[in-house]
Amino acid sequence: MATTARRPSSRRPAWQEQPAVSTQGAKAGAITVMLFIIAFPLYSVILTSFSTQASINIAGGLVVWPHGLTLNAYRLIISGGVVGRALVISILLTVVGTAVSMVVTILAAYGLSRAGSFGNRGILWFMMITMFFNGGIIPLFLVVSALGGYDQYWALIAPSAVSVFNIIVMRSFFSNVATDLIDSARIDGASDWRILTKVVLPTSKAVTAVIALFYGVGYWNSWFNILLFMPADSSKWPLQMVMYNYVTQGMAMAGGSTNIVGQNLGHQQVAALSLQMAVVALTLVPIVIVYPFVQKHFTKGVLLGAIKG
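Residues numbered from 1 in each chain as written. Predicted model: local features only at pLDDT ≥ 70, side-chain atom pairs only at ≥ 80, totals over all residues. Heavy atoms only, no water.

Structural notes on the overall build of the protein
Tallying secondary structure elements over the protein gives 13 helices and two strands in all. Within the protein, buried positions represent 34% of all 309 residues. Taking the contacts inside the protein whose residues are at least 6 apart along the sequence as the reference set, 70% of them involve residues at least 24 apart. Total accessible area on the protein stands at roughly 18,600 Å², and carbon and sulfur atoms take up 68% of it. (Helix = DSSP H or I, 4+ residues; strand = E, 2+ residues; numbered from the N terminus. Buried < 20%, exposed > 50% of the residue type's maximum accessible area, 1.4 Å probe, protein only. Contact = heavy atoms within 4.5 Å. Areas by Shrake-Rupley, 256 points an atom, 1.4 Å probe, with all protein chains shown as cover.)

Right, here's the structure in full:
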């Protein structure tokens, strides 16, 4: 009996079905709402930083619709020197801190990823315990102060130099680097240092970029360690601490005056709220510039580091 060819089913699998118009509309609406919730405060902050006192008075606070724009707030910040100095300090702390953290994280992750390394299991479990239990703020302050870290820049880096979570993510990635490449390198006489720099790291660019972004953002946004270890000397403050004190306590940003309301630039008055929002906007610029270069590695690096192994 001849068999008839089975016609392919016109019904597609569920994961291949075309979404309904209502579903697409709901998704587009949800995304639009989320984008609005994220973008509107940022828009208002930036617009207020460019606004005049009259525009702020009309709006009664943060400006939503511009009535007059000016660069005087940014000119006053630059001329005052406080923010400029704080910006340089923040950039240096972020660069140096990220470099130190990446070196420590890469070395620790590579050592823990090698099955034959000394005490790798015990050290890993010990490190994981610190993710859930720690001594607290007071012991941290006492230890760092006893080591001479009070009012020193290294106190802003050393306590945050290692993240166990980042080490675990990178270790998982390193554990799944092609063993054939590593074995071939060992047969050729390569040392562990050469294997790490010539084999492992070149194949781990995604996770390395993501971990570096995590550390960089952490150092850039950090202010609590500054509050602990150098609260008095404002000349050593990074940008985040300057912004915190200026926005919450009305610290002078230019001219040495403690009264920031109505400072003058030439013959024009600069609004206090405009100055505050200008400082907030300046803190966002470096991250906005750096993130697009790392974003393409973000999802890949996190998923591969977390799922593999």
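Some thoughts on the nonpolar core
Of all hydrophobic cores here, the largest spans 51 residues; its most connected members are Met-170, Phe-174, Ile-195, Val-200, Ile-211 and Leu-275. Tallying contributions element by element places helix H4 (residues 82–113) first for this core, with 10 residues. Residues within four places of Ile-211 in sequence aside, it is in contact with Met-102, Thr-105, Asn-166, Val-169 and Met-170. (Core = buried A, V, L, I, M, F, W, Y, C linked by side-chain atoms within 4.5 Å.)

A few points about the packing of aromatic side chains
With the rule as written, the count across this model stands at six aromatic pairs. Relative to Tyr-74, the ring of Phe-50 has its centre 4.9 Å away and its plane inclined at 35°; by these criteria the two rings are tilted. Taken as a pair, Phe-50 in the loop between helix H1 (21–49) and helix H2 (53–59) and Tyr-74 in helix H3 (residues 72–80) lie far apart in primary sequence, 24 residues in all. On the basis of relative accessibility, which here comes to 15%, the residue Tyr-74 falls in the buried class. Aromatic side chains Trp-223 and Phe-224 sit 6.1 Å apart centroid to centroid with 80° between the ring planes, which places their arrangement in the edge-to-face category. (Phe/Tyr/Trp six-rings, centres within 6.5 Å; stacked < 30°, edge-to-face > 60°.)

Some details on the packing of H4 against helix H7 (residues 164–175)
At a minimum axis distance of 8 Å, the contact between H4 and H7 shows a crossing angle of 50°. By the angle between their axes, H4 is oblique relative to H7. With respect to the hand of their crossing, H4 and H7 are arranged in right-handed fashion. Taking contact as the criterion, the partners of Met-102, Thr-105, Ile-106, Ala-108, Ala-109, Tyr-110, Leu-112 and Ser-113 in H4 are, on H7, Asn-166, Ile-167, Met-170, Arg-171, Phe-174 and Ser-175. Partitioning the contact of H4 with H7 into residue classes produces nine nonpolar, four polar and one charged. (Axes fitted to C-alpha atoms, helices over the stretch in contact; angles between N-to-C directions. Parallel < 35°, antiparallel > 145°, perpendicular 65-115°, else oblique. Left-handed = near helix turned anticlockwise from the far one by under 90°. Nonpolar A, V, L, I, M, F, W, Y, C, P; charged D, E, K, R; others polar.)

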